[in-house]
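In case you want the letters, here they are:
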Amino acid sequence: MSIKESLQKIKNSIPKNVTLVAVSKTKPVADLQEAYSAGQRVFGENKIQEMVEKFDVLPKDIKWHMIGHLQSNKVKYMAHFVDLIHGVDKFSTLKEINKQAKKHDRIIHCLLQAKIAKEETKFGLSFEDIETILASEKLRELKNIKIVGFMGMATFTNNQEQLKKEFSSLNHFFEAQKLKTETENCQLNILSMGMSGDYLLAIENGSTMVRVGSFIFGSRNYN
Ligand SMILES: *Cc1c(COP(=O)(O)O)cnc(C)c1O
């Protein structure tokens, strides 16, 4: 299947209110151009340097999502254009994003990454840590960020029951926090879950944003 056909296939299978992030990490600019020509406008990258290089040469109406683990000292390189940062798992990172956003007179939207997988290797905050951050007074002072939802990565497994359990636990937590939390810089309406292998299951379990890479662009040699 071509990039265009894969995109069409996904779009036909997901509800209109679900956002498709085309994960283009490691892929050449020509592949992104092909997806752009097919109408795709939201792209996800996991390395800041690579995202900056692609941003510089591609059309400016693309929305760039940073989906990778963040190094605070690199936030400054994307602060002028990033549309949404998915993988925030520390309060100190929020502070840095706020600082850099302020320099550009922007409000940067962020998702807090929740740890739902069993694997030790996956980053993320516990539900308890997320509640602490959302309730903290110090968060109110960060006027140049806005927390707009949560992101989760499920365990790398084919076990559908396990995946369903992980997705639905984050969905329940998300729904509960949504009712409790509504302040100037925190309005929860995005739940980012689901990748090439499990995006339909994620949507069935409440996902409003899926991050799909290999299904669109083919397999990667690394990352
Ligand atoms: C690479 C990546 C994806 C996409 O994975 P595929 O299996 O290729 O769809 C989604 N989310 C994150 C955080 C990633 O790093």
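The shown structure was predicted, so the numbers you read here are calculated from the model rather than taken from an experiment.

**As for the packing of helix α5 (residues 127-135) against helix α7 (residues 160-180)**
Two measures define how a pair of helices packs: the angle their axes make with one another and the distance between the axes.
Part 1: Their axes nearest at 12 Å, the elements α5 and α7 cross at an angle of 15°. Classified by the angle between their axes, α5 and α7 sit roughly parallel to one another. Note on packing geometry: the crossing formed by α5 with α7 is right-handed. Two secondary-structure elements touch here, α5 through Phe127, Ile130, Glu131 and Leu134 and α7 through Ser169, Leu170, Phe173, Gln177 and Lys180.
Part 2: Its residues placed into classes, the contact of α5 with α7 shows five nonpolar, two polar and two charged.

**Comments concerning the side chain of Glu45**
Part 1: With respect to the element layout, Glu45 can be found in strand β2 (residues 42-45).
Part 2: Glu45 gets classed as buried once you look at its relative accessible area, which sits at 0%.
Part 3: A distance of 2.7 Å separates polar atoms of two side chains, one belonging to Glu45 and the other to Ser24.
Part 4: Residues within four places of Glu45 in sequence aside, it is in contact with Ser24, Lys25, Thr26, Leu32, Glu50, Met51, Lys54, Trp64, His65, Met66, Ile67 and Gly68.

**What about the layout of surface pockets?**
Part 1: Each pocket or cavity is described by its volume, and for the largest pocket that value is around 900 Å³.
Part 2: Lining the largest pocket are 32 residues, with Lys25, Lys122, Met153, Met195 and Arg220 positioned closest to its centre.
Part 3: Counting residues per element, the ones that place at least two in the lining of the largest pocket are β6 (145-153), α7 and β9 (209-212).

**Quick look at the UniProt feature "domain: Alanine racemase N-terminal" (unreviewed entry) in the protein chain**
Part 1: With numbering aligned to this structure, UniProt lists the feature "domain: Alanine racemase N-terminal" (unreviewed entry) at residues 3-220.
Part 2: Here residues 3-220 runs as 40% helix and 22% strand, with 14 Å between its end C-alpha atoms.

**Topic: helix α2 (residues 29-37)**
Part 1: The complete set of buried residues in α2 reads Asp31, Leu32, Ala35 and Tyr36. All buried residues of α2 fall inside an arc of 140° around its axis, so they share one side.
Part 2: The secondary structure elements touched by the buried residues of α2 are α1 (3-13), β2, α3 (48-57), β3 (63-66) and α9 (214-217).
Part 3: Positioned one or two residues after α2, Gly39 has a phi angle of 105°, which is positive.

**Quick notes on the pattern of salt bridges**
Part 1: A complete count under the given rule lists five salt bridges for this structure.
Part 2: Between Glu45 and Lys54 there is a salt bridge, with the nearest N and O atoms lying 2.9 Å from each other.
Part 3: Here Glu50 and Lys54 are joined by a salt bridge, their closest N and O atoms 2.7 Å apart. Here Glu50 pairs with Lys54, and both are found in helix α3, just four residues apart, close to one helical turn. The pair formed by Glu50 and Lys54 is uniform in burial state, with each residue classed as buried.
Part 4: Each of Glu45, Glu50 and Lys54 takes part in a single network of salt bridges with overlapping partners.

Reading the values: the criteria
Residues numbered from 1 in each chain as written. Predicted model: local features only at pLDDT ≥ 70, side-chain atom pairs only at ≥ 80, totals over all residues. Heavy atoms only, no water. Axes fitted to C-alpha atoms, helices over the stretch in contact; angles between N-to-C directions. Helix = DSSP H or I, 4+ residues; strand = E, 2+ residues; numbered from the N terminus. Parallel < 35°, antiparallel > 145°, perpendicular 65-115°, else oblique. Left-handed = near helix turned anticlockwise from the far one by under 90°. Contact = heavy atoms within 4.5 Å. Nonpolar A, V, L, I, M, F, W, Y, C, P; charged D, E, K, R; others polar. Buried < 20%, exposed > 50% of the residue type's maximum accessible area, 1.4 Å probe, protein only. Polar contact = N/O pair within 3.5 Å; in protein donor to acceptor, adjacent residues only side chain to side chain. 1 Å grid on protein atoms, 1.4 Å probe; cavity = no way out; pocket = protein on both sides within 12 Å on 5 of 7 lines; lining within 4 Å. Points joined across faces, edges and corners; volume = space filled by probe spheres on them. UniProt positions renumbered as here; feature names shortened; annotations may be inferred. Arc of directions from axis to C-beta. Salt bridge = Lys/Arg side-chain N within 4 Å of Asp/Glu carboxyl O.

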